[in-house]
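Fold and geometry: a report
Below are the chains, spelled out letter by letter.
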Amino acid sequence: MFIWKAALRFLIEGRSQTLFIAVGIAIGISVLVFLNILITGLQQDLVNTTVGDSPHIVVTSREDPLQSLFNPEDDILILSRSGGMFDTSRPFNDWQYVMDQLGNRELLSAISPVAEGSGFISRGEKTVSIRARGVDLNRADGIYNVRDRLIDGDFVVGKNQVLVGIGLAEELDLTPGDLIRLSALEGNGGEPGPANPSIAGSYSVRGIFDLGSQAVNSSWVFISLEGGQSLYRLSDGVTSLELQLNDVFQAEELARNLEKSYPSLSWSSWEEENPDLLSALSSQSISSYVIQAFVLLAVALGISSVLAVSVMQKSKQIGILKALGISTAGVSRIFLIQGALLGLIGSILGSVIGGFLLWGFFTFTADETGEPLFPITFDPLVFIMAIAIATLAGMGAAAIPARRAAKLNTIEVIKNG
Amino acid sequence: MANLLSLVDINKIYGKKVQTHVLKNINLEYEKAEFTSIIGQSGSGKSTLLNILGSLDRPTSGRVYAEGKDLTTLNDDALAIFRNQMMGFIFQFHYLLPEFSALENVLIPHWLDRGSAQAEKVTLAKELLERVGVSERMNNRSTDLSGGQQQRVAIARALINRPKIILADEPTGNLDSESATQVNGLMREINQEFKTTFIIVTHDNHIAAQCDRVVEIKDGMIVQDYPTAEKTKQENWENLAPCYCLQKEGLVEWKQSN
Ligand SMILES: Nc1ncnc2c1ncn2[C@@H]1O[C@H](COP(=O)(O)OP(=O)(O)O)[C@@H](O)[C@H]1O
Ligand SMILES: [Mg+2]
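Residues numbered from 1 in each chain as written. Chains lettered and ligands numbered in written order. Predicted model: local features only at pLDDT ≥ 70, side-chain atom pairs only at ≥ 80, totals over all residues. Heavy atoms only, no water.

Within the structure, ligand 1 sits among Glu412(A), Lys415(A), Tyr14(B), Val22(B), Gln41(B), Ser42(B), Gly43(B), Ser44(B), Gly45(B), Lys46(B), Ser47(B) and Thr48(B). Near ligand 1, the surrounding residues belong to chains A and B. Between Gly45(B) and ligand 1, the recorded distance is 3.1 Å, taken from a backbone N or O atom to an oxygen atom. Separating an oxygen atom of ligand 1 from a side-chain N or O atom of Ser47(B) is a distance of 2.7 Å. Taking 560 Å² as the accessible area of ligand 1 by itself, protein coverage stands at 66%. Sorting the residues of the shell around ligand 1 by element identifies helix H17 (410-415) of chain A together with helix H1 (46-53) of chain B as the ones contributing at least two each. At 3 residues, H1(B) tops the list of elements feeding residues into the shell around ligand 1. Its residues assigned to classes, the shell around ligand 1 comprises 2 nonpolar, 7 polar and 3 charged. (Near = heavy atom within 4 Å. Polar contact = N/O pair within 3.5 Å; in protein donor to acceptor, adjacent residues only side chain to side chain. Areas by Shrake-Rupley, 256 points an atom, 1.4 Å probe, with all protein chains shown as cover. Helix = DSSP H or I, 4+ residues; strand = E, 2+ residues; numbered from the N terminus. Nonpolar A, V, L, I, M, F, W, Y, C, P; charged D, E, K, R; others polar.)

Our next topic: the sheet that holds strand S4 (residues 61-66) of chain B. Residues and elements named next belong to chain B. Spatially, S2-S1-S4-S5 is the arrangement adopted by the 4 strands of the open sheet, whose pairing is antiparallel. Either end of the sheet is taken by a strand with one partner, and the two such strands are strand S2 (20-30) and strand S5 (69-70). Note: S4 against S5, 2 bridges, orientation antiparallel. Bridge pairing links alanine 66 to lysine 69 in S5. Packed onto the sheet, H1 meets strand S1 (5-14), S2 and S4 and runs at close to 130 degrees relative to S1. (Pairing = 2+ DSSP bridges. Contact = heavy atoms within 4.5 Å. Axes fitted to C-alpha atoms, helices over the stretch in contact; angles between N-to-C directions.)

Here the focus is the domain arrangement of chain A. Residues and elements named next belong to chain A. Structurally, chain A comprises domain 1 (2-51 + 278-416) and domain 2 (63-263). Around 320 Å² of area is buried between domain 1 and domain 2 when both sides are counted, 70% of it from carbon and sulfur atoms. A per-residue breakdown of the area domain 1 buries against domain 2 is headed by Gln44, Val47 and Val51, which together make up 76% of the total. There are 0 salt bridges connecting domain 1 and domain 2. One can count 0 residue pairs in polar contact (both at pLDDT 80 or more) joining domain 1 with domain 2. Broken down by element, the side of domain 1 that touches domain 2 gets its largest block of residues, 5 residues, from helix H2 (residues 15-51). Of the residues assigned to the side of domain 1 that touches domain 2, the class counts are 3 nonpolar, 3 polar and no charged. (Domains from an automatic or database assignment. Buried area = accessible area lost by both parts, 1.4 Å probe. Salt bridge = Lys/Arg side-chain N within 4 Å of Asp/Glu carboxyl O.)

It is worth spelling out the packing of aromatic side chains at this point. This model, assessed by the stated rule, comprises 16 aromatic pairs over all chains. For the pair Tyr144(A) and Phe222(A), a centre-to-centre distance of 6.1 Å together with 55 degrees between the ring planes defines the contact as tilted. On the criterion of sequence distance, the pair formed by Tyr144(A) in helix H6 (residues 137-144) and Phe222(A) in strand S8 (residues 220-224) is long-range, its members being 78 residues apart. Their ring planes at 75 degrees and their centres at 5.5 Å tell us that Phe91(B) and Tyr95(B) sit as a pair that is edge-to-face. Judged by its relative accessible area of 3%, Tyr95(B) falls in the buried class. (Phe/Tyr/Trp six-rings, centres within 6.5 Å; stacked < 30°, edge-to-face > 60°. Buried < 20%, exposed > 50% of the residue type's maximum accessible area, 1.4 Å probe, protein only.)

This paragraph deals with the interface of chain A and chain B. At the junction of the two partners, chain A supplies 25 residues and chain B supplies 25 residues. Summed over both sides, the interface of chain A with chain B buries roughly 2,300 Å², with 65% coming from carbon and sulfur. Here chain A and chain B share 3 salt bridges between them. One salt bridge connects Glu104(B) with Arg9(A), and the closest N-O pair in it is separated by 2.7 Å.

Residues and elements named next belong to chain B. Ordered in space as S6-S7-S8-S3-S9-S10, the 6 strands form an open sheet in which the pairing is mixed. Edge strands, defined here as strands with exactly one partner in the open sheet, are strand S6 (87-90) and strand S10 (221-227). Taken over all neighbouring pairs, the strand axes of this sheet differ in orientation by 15 degrees on average, direction set aside. Relative to strand S7 (residues 165-169), S6 runs parallel, the two sharing 4 bridges. Each residue of the ladder has a partner; that of methionine 87, found in S7, is isoleucine 165. Strands strand S3 (35-39), S6, S7 and strand S8 (197-201) of the sheet are contacted by helix H6 (residues 177-194), whose axis makes an angle of about 155 degrees with S8.

Okay, the environment of Ser112(A) next. Residues and elements named next belong to chain A. For serine 112, the position within the fold is in strand S2 (residues 108-123). Along the sequence, serine 112 and serine 16 sit 96 residues apart, while their C-alpha atoms lie 63 Å from each other. Setting aside residues no more than four positions away along its own chain, serine 112 makes contact with Arg139, Ala140, Ile143, Ser240, Leu241 and Glu242.

Below, the discussion takes up a nonpolar patch on the surface. Residues and elements named next belong to chain A. Judged by side-chain polarity, Leu19, Val23, Ile27, Val31, Leu349, Ile353 and Leu357 come together as a nonpolar surface patch covering roughly 560 Å² of accessible area. Only H2 and helix H14 (328-364) provide two or more residues apiece to the nonpolar patch. The leading source of residues in the nonpolar patch is H2, at 4 residues. On the secondary structure map, isoleucine 353 appears in helix H14. Judged by relative accessible area, which is 34%, isoleucine 353 ranks as partly exposed. (Patch = residues over 30% accessible without salt bridge, like charges linked within 9 Å, V, L, I, M, F, W, Y side chains within 5 Å.)

Turning next to the packing of H2(A) against helix H12 (residues 275-313) of chain A. Helix packing for two helices is described by the angle between their axes and how far apart those axes are. Residue and element names in this part refer to chain A. Their axes nearest at 10 Å, the elements H2 and H12 cross at an angle of 170 degrees. The orientation of H2 with respect to H12, classified from their angle, is roughly antiparallel. Grouping the constituent residues of the contact of H2 with H12 by class yields 19 nonpolar, 12 polar and no charged. (Parallel < 35°, antiparallel > 145°, perpendicular 65-115°, else oblique.)

We now examine the confidence of the model for chain A. Confidence along chain A averages 85 in pLDDT terms, with 89% of residues attaining 70 or more. Note on residues 65-89 of chain A: pLDDT under 50 across the span, and 28 contacts to partners over four residues away in sequence or across chains. (pLDDT = per-residue confidence, 0-100.)

What follows deals with the pairing of S2(B). All names here are of chain B. Alignment of S1 against S2, held across 7 bridges, turns out to be antiparallel. In the strand pairing of S2, leucine 7 is matched with leucine 28. Two successive antiparallel strands, S1 and S2, enclose a turn made up of 5 residues, where glycine 15 displays a positive phi of approximately 85 degrees.

Structure follows, in structure tokens:
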């Protein structure tokens, strides 16, 4: 194609000019790539530290708690509405079936049924309010990573054997082997202990964990799933299923999809549960995109002005080509191709520079052990997108010069020798 | 059979507020294989006329016909295709593209026609360069060639699509006399060999005297249009040559015809 040949020759002939703008584009695109990968890595790290060791989707029964509260045989339940103990009133009975169904989803890394509720632990004179979580410990470990964060005792729970958080252990001065009294706050919302002997019992502390969060460490108590079920009178039911995904950022989408398949269940993702984190992430993303958009705009303006100059410089050639029979579209294309080529060459160069910038950044900010500040992934898609966008932007930027070139008057050019 | 190229009542007016009436009611016809010249003073409208003949410019009024087809009704792109296939151009300032080699420059009209080069056209381009005597330098950039060589490459370029008409605007105006003689001889040979119609704008009466037909234009009007064969050698000498000699010696501004 002559048009490609002409575009290439025009670029090559304008050596320093072409090189100059290509380097300019490269710098712009390298900033774009650097920023993009950095922000993505940063956000991933932030999300991982925040929700990495917690469920990404929590599945509960949608059944209206009020209905179960309005049990005509039991007035006490009605009283408890204001007590806010709704969770124990929403049994999730077909969880085993749902868990089996979800089991073969590749997106999921862990599924853990939970039978939980509020309660109290008392030891001697002291009573502390807690959250008793009945779990299959191995499954829960897939989400909370308890085994690695057990600081004392054994990785065991049972119907009367519990793991407690370090905050709780310190407050009640517990060590593995100690006996405690655990009562479920259920039904009457009232006093723990002797008032409701049927839902209180003696438990032994088997281990102490530190899950990194003050709130969790000072309130969570793991017991076995059966323990939780009987403590909160759930029979075979649970209160929720907790899911963890391989890719945190797919949680919301997966939750919405599953909601369509299982409309009777409520699927809530970490995004819904952490609106503050989410808005922090999105405002970070937006500011990064704004910077990237302006960088791209600067790149496009650079290409546009260089090509505008080139149209002036090549006006004689354009006039001659028109005399020799090039179409107006052909003239335009010569400059559109130049714009696209500048974008392409510049962005390939920019991707390489961006890669070096990232490498440099993480090499120089690494700690003594050589661990980077936070892990990043060189997603090839970022580079491919940057190159594609820069190429298109280059072509778009060439539109005005290309139009001007197409409109050049042959006679004027030929006459003025 | 219609004329190869004809102008009917052509007027060309430049400007809106201050109007310059450059061509006034021009009627002209050209036949196949004619070797003709257009002469006249500087500013008389020769280039304007040639550009309209070559469909590079549009008349203010009047019609341009090529083989019976009215070119004034065609749009720019249709005209471009027409020019590419029917016309060859040789300009005073050679106008080769400096980004391309001599051979590539010759091939450009063909590339514009076909997108890419056919092998037989590459062979033809090389033959043409041989013919105009620039074949040893065909891979040189056009900027590395002398003025005469560049103009001869431009002639080869004008021939590559085997056009029926070649329009030349002062083709030797920028050349030394030796190169000018070569270029003139070349154009004549091509005319005889390929039966290509030549319309050569010149104010060099030596060249005009060698043409089959002379059209003289003054103030935008045709004042003479005659075949040189009709006149005696003496008449042609008196009409064309002396003035050139005298003008060269600065004795007269320009010949006053009629
Ligand atoms: N674009 C234009 N605008 C106004 N006047 C023009 C333009 N082009 C040419 N002219 C005028 O038209 C006349 C003829 O010009 P031209 O055809 O170039 O003459 P020649 O080639 O015989 O020297 C000149 O007087 C010139 O000033
Ligand atoms: Mg002229």
